Amino acid sequence: AIAAADFDLSPAKALGVGLSSLQLTKTQSSQVKMSLAALTFIASRGMATKMTVKNLAMIGSGQMGAGIAQVAAATGHKVVLCDTAGDILEKAKAGIQKSLRRVVKKKFGDDPDKGIEFIASTMANIDTTTEPAKAVVTADLVVEAIPENLQLKQELFNTLDKFAPANTIFASNTSSLPITAIADSTQRQDKFAGLHFFNPVPVMKLVEVVRAPGTSNDVYECLMDFSRAIGKHPVTCKDTPGFLVNRLLVPYMMEAIRLFERGHGSKEDIDVAMKLGAGYPMGPFELGDYVGLDTCKFIIDGWHELEPDNPLFNPSPLLNELVAAGKHGKKTGEGFYKY
């Protein structure tokens, strides 16, 4: 007989298995060792630390980046907001405070003191920097919301990959570019995904969590949990052009433009038809002006390059003409309509 003390029982003790007084035959001891190995493996899986996000690095402080920073900070996450210049960051913080005041009016209308406390605690969770490398050193998650330029995004993530901890998750807020193409600029394809928010971020509940082929299950689950933690409703999508919403929305807007180009209806009548007939809050021309005609053109041109034979992705001469003339929609004062 071989005493149980002749082999390591620490896994058994950790599991609360009292075997120290057992006397075992060689066959029994072998069986127990195998069982203990299996139990230890199961226990280690069960006790493995689940990936969570407490610290967010937000690269880009424009409308989308500032909105993401706001909802993360408002739900108790520590945020480092990063952009190219201090004055840009100050403008972003001022915009966040203005947005928070709107939230307070709705949420704390009967308790102004709590509203003041809410704004103060949210803003206290936001730090700023103009150095991307510093922004990511303590980050659990890095989200990028810079201009829709593949090379620019690749260069950014290639740099961040050298400074972020090995377990940091990277995510792009791109609305149209392939996540895989951006992820390939790093050495962490398993920790890379799309996290596509919608504008305005504090109001819109949806987040598209985009799984690239290399995205691990743990990272995917972590991003789903993070989306819920900041008050959003996540949906899952594969890495396909436009993901879910824009894959439906952009061709819809383009077909409306083609209807107008062919003289089948005025832009005003098409907008009214979709609002009253389909219940949409905006018509396609109003929506295009709100999104930005330059953005619409960028998206459709990129898709057309990827799939030139897909008629849904054909460019529009009228859209090209408006963008070339600097008429990009509401942000420039004129697009399909004047503002």
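Read on for an overview of the structure. Treat the numbers as computed from the prediction; the structure is a model and nothing was measured.

## Regarding a nonpolar patch on the surface
For step 1, the next point in the chain: There is a patch of nonpolar side chains on the surface, built from M282, Y290 and V291 and spanning about 220 Å² of accessible area.
For step 2, the next point in the chain: Note that M282 resides in the loop between α11 (267–278) and α12 (284–291).

## Points about the pairing of strand β4 (residues 78–82)
It is a general feature of regular strands that their side chains alternate between the two faces of the sheet.
For step 1, the next point in the chain: Inspection of the sheet shows strand β3 (residues 55–59) paired to β4 by five bridges, in the parallel sense. Following the sheet pairing, L56 is matched in β4 by V79.
For step 2, the next point in the chain: Crossover β3 to β4 through helix α3 (residues 63–74) is right-handed.
For step 3, the next point in the chain: Of the pairings in the sheet, the one linking β4 to strand β5 (residues 126–129) comprises four bridges and is parallel in character. Its bridge partner lying in β5, V79 is registered against I126.

## Observations concerning α3
For step 1, the next point in the chain: If you check α3, its first and last C-alpha atoms are 16 Å apart, about what 12 residues at 1.5 Å a residue would give, namely 16 Å.
For step 2, the next point in the chain: The buried fraction of α3 amounts to 10 of the 12 residues, a majority that puts the element mostly inside the structure.
For step 3, the next point in the chain: Buried within α3 we find M64, G65, A66, G67, I68, A69, Q70, V71, A72 and A73.
For step 4, the next point in the chain: Taken from the residues just after α3, G76 is the one with a positive phi, measuring 90 degrees.

## Overview of the pattern of salt bridges
For step 1, the next point in the chain: Counting across every chain of the model gives 14 salt bridges.
For step 2, the next point in the chain: One salt bridge in this structure joins K191 and D190, with 3.2 Å as the shortest N-O distance.
For step 3, the next point in the chain: On the basis of relative accessible area, D190 is assigned to the partly exposed category, the value being 33%.
For step 4, the next point in the chain: Between E255 and R258 there is a salt bridge, and its shortest N-O distance comes to 3.3 Å. One end of the pair, E255, and the other, R258, are both in helix α10 (residues 245–261), three residues apart, so they sit about a helical turn from each other.
For step 5, the next point in the chain: Classification of E255 as partly exposed rests on a relative accessible area of 35%.
For step 6, the next point in the chain: Through salt bridges with shared partners, a single ionic network connects K50, D225 and R228.

## Structural notes on the packing of aromatic side chains
For step 1, the next point in the chain: Under the criterion given, the structure shown has eight aromatic pairs.
For step 2, the next point in the chain: Judged by centre distance (5.3 Å) and plane angle (40 degrees), the ring pair of F157 and F170 falls under tilted. Note that F157 is positioned in helix α7 (residues 150–163) and F170 in strand β7 (residues 169–172), a separation of 13 residues in sequence. The residues F157 and F170 share a single accessibility class, namely buried.
For step 3, the next point in the chain: Centre to centre, the rings of Y252 and Y280 are 5.6 Å apart; their planes meet at 75 degrees, and the pair counts as edge-to-face. Placement of Y252 in helix α10 and of Y280 in the loop between α11 and α12 is noted, with a sequence separation of 28 residues between them.

The rules behind each value
- Residues numbered from 1 in each chain as written.
- Predicted model: local features only at pLDDT ≥ 70, side-chain atom pairs only at ≥ 80, totals over all residues.
- Heavy atoms only, no water.
- Patch = residues over 30% accessible without salt bridge, like charges linked within 9 Å, V, L, I, M, F, W, Y side chains within 5 Å.
- Areas by Shrake-Rupley, 256 points an atom, 1.4 Å probe, with all protein chains shown as cover.
- Salt bridge = Lys/Arg side-chain N within 4 Å of Asp/Glu carboxyl O.
- Helix = DSSP H or I, 4+ residues; strand = E, 2+ residues; numbered from the N terminus.
- Pairing = 2+ DSSP bridges.
- Right-handed = clockwise from strand over helix to strand, strands pointing away.
- Expected span 1.5 Å × (residues − 1).
- Buried < 20%, exposed > 50% of the residue type's maximum accessible area, 1.4 Å probe, protein only.
- Phe/Tyr/Trp six-rings, centres within 6.5 Å; stacked < 30°, edge-to-face > 60°.

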